[in-house]
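Here are the chains, one letter per residue:
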Amino acid sequence: MKYLLIVLFLGLGFVVNAQDVNFNGEPYEIKKDKIFKAGVDVTETLSEEDKAGVLAAFNSKMAQIKNAEETKKRVEKAEKEQEKAEKEQKQAEKKQKKAEKELKKSQKAQSKYDKAAKKHKDALSKYEKLKSKGKLSPVDEEKWLDKIEKYKEASAKAKKKL
């Protein structure tokens, strides 16, 4: 931004003084095709070499102004491109954070499902083991079946979220 302002003021300064030219230490002013010195038209009194020199100095100054304007445009364009790149980078970072959050959520759901499925499987195997040994009373068997059913529901719910 600082460079833009500098270039802008330089360009403005050149435009304001664009018609004033120094040639051989003498200040000249150019308006259309006429050359003035201290407000007096000296176009006809100057030699052809001096006219050519003054016009060359004037053309040189105009080229500098044009270059300054082009530089200003390039600087503005570069700043816009930089802003656009920064904006795209922020969007990419935002997408990455969102993807990481989704991955973490998915991993958590997978972990919950694995844990629920393991509890269901363990409870079922323990129930089968106790049943085969005959150590379950009818009340205990009812409790185990309720417990197994709850684990089964929890496992199904975790799978659904997954």
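Residues numbered from 1 in each chain as written. Predicted model: local features only at pLDDT ≥ 70, side-chain atom pairs only at ≥ 80, totals over all residues. Heavy atoms only, no water.

(A) Helix α3 (residues 138-161), seen in detail. With 24 residues, α3 extends 35 Å between its outermost C-alpha atoms, agreeing within 8% with the 34 Å of an ideal straight helix rising 1.5 Å per residue. All of the buried residues along α3 are W144, I148, S155 and A158. Looking at the buried side of α3, the elements it contacts are α2 (48-133). (Helix = DSSP H or I, 4+ residues; strand = E, 2+ residues; numbered from the N terminus. Expected span 1.5 Å × (residues − 1). Buried < 20%, exposed > 50% of the residue type's maximum accessible area, 1.4 Å probe, protein only. Contact = heavy atoms within 4.5 Å.)

(B) Examining the pattern of salt bridges more closely. Taken as a whole, this structure holds two salt bridges when the rule is applied. A salt bridge links K31 to E29; its shortest N-O distance comes to 3.5 Å. On the basis of relative accessible area, E29 is assigned to the partly exposed category, the value being 29%. (Salt bridge = Lys/Arg side-chain N within 4 Å of Asp/Glu carboxyl O.)

(C) Quick look at the packing of aromatic side chains. With the rule as written, the count across this model stands at zero aromatic pairs. Taking NZ or CZ as reference, K31 lies 5.8 Å from the ring centre of F36, over its face. The ring of W144 carries the charged tip of K147 above its face, separated from the ring centre by 4.7 Å. (Phe/Tyr/Trp six-rings, centres within 6.5 Å; stacked < 30°, edge-to-face > 60°. Lys NZ or Arg CZ within 6 Å of the ring centre and 35° of its normal.)

(D) Highlighting the nonpolar core. Of all hydrophobic cores here, the largest spans 10 residues; its members are V21, F23, Y28, I30, I35, V42, L46, V54, A57 and F58. Of all elements in the fold, only β1 (20-23), β2 (26-31) and α2 reach the threshold of two or more residues within this core. For this core, the element with the most residues is α2, which contributes three residues. V54 has contacts with V21, F23, Y28, I30 and I35, leaving out every residue within four places of it along the chain. (Core = buried A, V, L, I, M, F, W, Y, C linked by side-chain atoms within 4.5 Å.)

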